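Each chain, letter by letter, is given below.
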Amino acid sequence: MSRWQWTQRQQPSRFWSLASPVLALLITVGLASLLFVVLGKNPVQGLQVFFWEPIKSGYAWGELLLKATPLLLIGLGLALCFRSNVWNIGAEGQFVMGALAAGAVALLADANSSRLMVLPVLLAGMAGGMAWGAVVAWLRDRFHANEILVSLMLVYVAIQFLGYMVSGPLKDPQGYGFPLSKMFEAATAVPRLFAGSRVNIGLLLALLGAVLLWIFLFRTRSGLAQQVGGMAPAAARYAGFSSSRALWLAMLVSGGAAGLAGALEVAGPVGQLTMSLPVGYGFAAIIVAFVGRLHPVGVVFSSLLMSMLYIGGELAQSRLGLPKSISLVFQGLLLFTLLACDTLIYAHWRRVVARPVPAPEQKEAA
């Protein structure tokens, strides 16, 4: 007599660790098709808007890479955090504070400023994000506060602070009362890579960040200490690795990456400080990091996928009449299907043969 049973694997499956994101994407596409049918839309047209329109032309690729740049930067920082067992959920707040700091420096420029002004703008963005991440690191290190709650609550503090600044000290006096700053000078604009495309040097910085993170994680002793501290804190302490140092390094790098993403956004396609800056990149990058398996190369590809969902949501709103939140639904579906598929890494279905239970007489004879 046999039956199928869900059992634990002796070792995690290397195959499913790579195949799980692919299976999750396929399941997400299937569920999205059903969702389009329920909403009364053609599923083929809906999938085309999400997965073909963002890559059908050179200009579309430029917009795809432009959206992927902040997701890649923030995702790399979060990958380092999560590998270090530091659960930074507030990258959105660090993104906002980086954009705010960069915008404040950009407003100091005038028509005669040098093009080198873009460097202090980007550095200010990194400093703003690092400062906001340092608050989380200090509270956990000094008072053992939960970094999940602290970083998440600081997101709303950052958004409120942005609202105060664009409605007061940084408000455009000729903006007809709207909460926004004046447009930045051309000297502060992030240089573009190609003519006729909005993709800028932020893409090169993000790819360079992926290379540097790979080298740090897999080719340096400090990267090993960072990961050991996340996987086995007791072993890290025994080996002499500092958990406090790992915490501060993870939060400062993650905050700096998110702040740089905010600076590139505000000094790039946006060009001014507005209340519409928080678009959810910091939260979407959490999915990017996990879909990319917390590996720099994987995060590069998952950021492109998440960028497609962002652009597809905007196109679905204008062409199919769907709400803009449809992209958030897709992101949620992808995250939950990935979590479900990840169970295949550690468990699988097995056919178990049940041994017959001996009768009492047989037990006595034995």
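Definitions and limits used
- Residues numbered from 1 in each chain as written.
- Predicted model: local features only at pLDDT ≥ 70, side-chain atom pairs only at ≥ 80, totals over all residues.
- Heavy atoms only, no water.
- Helix = DSSP H or I, 4+ residues; strand = E, 2+ residues; numbered from the N terminus.
- Contact = heavy atoms within 4.5 Å.
- Areas by Shrake-Rupley, 256 points an atom, 1.4 Å probe, with all protein chains shown as cover.
- Lys, Arg positive; Asp, Glu negative; His and termini not counted.
- Charge placed at Lys NZ, Arg CZ, Asp CG, Glu CD.
- 1 Å grid on protein atoms, 1.4 Å probe; cavity = no way out; pocket = protein on both sides within 12 Å on 5 of 7 lines; lining within 4 Å.
- Points joined across faces, edges and corners; volume = space filled by probe spheres on them.
- Nonpolar A, V, L, I, M, F, W, Y, C, P; charged D, E, K, R; others polar.
- Axes fitted to C-alpha atoms, helices over the stretch in contact; angles between N-to-C directions.
- Parallel < 35°, antiparallel > 145°, perpendicular 65-115°, else oblique.
- Left-handed = near helix turned anticlockwise from the far one by under 90°.
- Expected span 1.5 Å × (residues − 1).
- Salt bridge = Lys/Arg side-chain N within 4 Å of Asp/Glu carboxyl O.
- Buried < 20%, exposed > 50% of the residue type's maximum accessible area, 1.4 Å probe, protein only.
- Patch = residues over 30% accessible without salt bridge, like charges linked within 9 Å, V, L, I, M, F, W, Y side chains within 5 Å.
- Arc of directions from axis to C-beta.
- Phe/Tyr/Trp six-rings, centres within 6.5 Å; stacked < 30°, edge-to-face > 60°.
- Lys NZ or Arg CZ within 6 Å of the ring centre and 35° of its normal.

J.: Whenever I open this one, the overall build of the protein confuses me. Can you help?
T.: Check the secondary structure of the protein and you find 15 helices and 2 strands. The dimensions of the protein, computed from C-alpha atoms along their principal axes, are 100 × 60 × 35 Å. For the protein, restricting intrachain contacts to residue pairs at least 6 apart in sequence, the fraction spanning at least 24 positions comes to 78%. Counting every atom, the protein has about 18,700 Å² of accessible surface; 66% of that belongs to carbon and sulfur. Averaging the positions of the 25 positive and the 13 negative side-chain charges in the protein gives two centres separated by 8 Å.

J.: Looking at this structure, how should I read empty space enclosed by the protein?
T.: Space left empty within the atom packing is revealed by a probe, the size of a water molecule, rolled over the atoms. This structure, assessed with the given rule, holds 1 cavity of 30 Å³ or more. What the largest cavity holds in volume is close to 40 Å³. Along its surface, the largest cavity is lined by Leu66, Thr69, Pro70, Asn200, Leu264, Glu265 and Pro269. Secondary-structure elements contributing two or more residues to the lining of the largest cavity are helix 3 (58–83) and helix 10 (243–270). The class makeup of the residues in the lining of the largest cavity is 4 nonpolar, 2 polar and 1 charged.

J.: Just checking my understanding: could you explain the packing of helix 3 against helix 12 (residues 296–319) for this structure?
T.: At a minimum axis distance of 8 Å, the contact between helix 3 and helix 12 shows a crossing angle of 135 degrees. With respect to each other, helix 3 and helix 12 are oriented oblique. Relative to helix 12, the crossing made by helix 3 is right-handed. Of the residues in helix 12, those in contact with Glu63, Leu64, Leu65, Lys67, Ala68, Leu71, Leu72, Gly75, Leu76 and Ala79 of helix 3 are Pro296, Val299, Val300, Ser303, Leu304, Met306, Ser307, Met308, Tyr310, Ile311 and Glu314.

J.: Before we go on, may I ask you to explain helix 10 in this structure?
T.: For an α-helix the count is 3.6 residues per turn, leaving residues at separations of three or four pointing the same way. An ideal rise of 1.5 Å per residue puts 40 Å on 28 residues; helix 10 measures up with 39 Å between its terminal C-alpha atoms. Looking one or two residues beyond helix 10, the residue adopting positive phi is Gly271, at roughly 80 degrees.

J.: What is the right way to look at the environment of Gly196 in this model?
T.: Inspection of the secondary structure assignment puts Gly196 in the loop between helix 6 (147–167) and helix 7 (202–219). Distance in space between the C-alpha atoms of Gly196 and Gly46 is 28 Å, their sequence separation being 150 residues.

J.: Would you mind showing me how to read the pattern of salt bridges here?
T.: Opposite charge on two side chains lets them pair, provided their charged atoms get close. For the structure shown, the criterion picks out 6 salt bridges. Across the pair Arg319 and Glu53 runs a salt bridge, and its minimum N-O distance is 3.2 Å. Residue Arg319 is located in helix 12, and its partner Glu53 is located in the loop between helix 2 (43–51) and helix 3; the two are separated by 266 residues in the primary sequence. Owing to a relative accessible area of 11%, Glu53 belongs among the buried residues under this scheme. With its nearest N and O atoms 3.0 Å apart, the salt bridge here joins Glu314 to Lys67. A residue pair is termed long-range when its members are at least 10 positions apart, and Glu314 in helix 12 and Lys67 in helix 3 qualify at 247 residues.

J.: I'm lost on the layout of surface pockets in this one. Help?
T.: Within this model, the largest pocket holds a volume of roughly 930 Å³. In this structure, the largest pocket is lined by 32 residues; those nearest its centre are Ser17, Phe290, Gly292, Arg293 and Leu294. It is helix 1 (residues 14–38) that contributes the most residues to the lining of the largest pocket, 6 residues altogether. Approximately 570 Å³ is the volume attributed to the second largest pocket. What lines the second largest pocket is a set of 23 residues, and nearest its centre among them are Lys67, Val279, Tyr281, Glu314 and Lys324. Elements supplying a minimum of two residues to the lining of the second largest pocket: helix 3, helix 10, helix 11 (281–291), helix 12 and helix 13 (326–341). Residues that form the lining of the second largest pocket fall into these classes: 11 nonpolar, 6 polar and 6 charged.

J.: Help me understand a nonpolar patch on the surface, please; the structure alone is not making it clear to me.
T.: Together, Leu208, Val211, Leu212, Trp214, Ile215, Val297 and Phe301 line one region of the surface with nonpolar side chains, adding up to about 650 Å² of accessible area. Every element with two or more residues in the nonpolar patch is listed here: helix 7 and helix 12. It is helix 7 that contributes the most residues to the nonpolar patch, 5 residues altogether. Mapped onto the elements, Ile215 comes out in helix 7. By relative accessible area, which is 35% here, Ile215 ends up partly exposed.

J.: Just to check I follow, could you spell out helix 7 for this structure?
T.: For helix 7, which comprises 18 residues, the first-to-last C-alpha distance of 25 Å matches the rise-based estimate of 26 Å (1.5 Å per residue) to within 8%. The set of residues buried in helix 7 consists of Gly202, Leu203, Ala206, Ala210, Leu213 and Leu217. Seen from one end, helix 7 has its buried residues packed into an arc of 105 degrees, which puts them on one side.

J.: Can you help me understand the packing of aromatic side chains in this one?
T.: Aromatic ring pairs are reported here in terms of the distance separating the ring centres and the angle at which the planes meet. Scanning the model with the defined rule gives 13 aromatic pairs in all. Their ring planes at 75 degrees and their centres at 5.2 Å tell us that Phe15 and Trp16 sit as a pair that is edge-to-face. In this structure Trp16 comes out as partly exposed when scored by relative accessible area, which is 23%. Relative to Tyr281, the ring of Phe95 has its centre 5.8 Å away and its plane inclined at 85 degrees; by these criteria the two rings are edge-to-face. Taken together, the residues span a long stretch of sequence, with Phe95 in helix 4 (residues 91–106) and Tyr281 in helix 11 at a distance of 186 residues. A relative accessible area of 0% places Phe95 in the buried class. An aromatic cluster is defined as three or more aromatic residues linked by ring pairs; in this entry it consists of Phe36, Phe50, Phe51 and Phe330. Over the face of the ring belonging to Phe143 we find Arg142, whose NZ or CZ atom lies 5.1 Å from the ring centre.

Treat this as a map of the structure, not an account of what it does.
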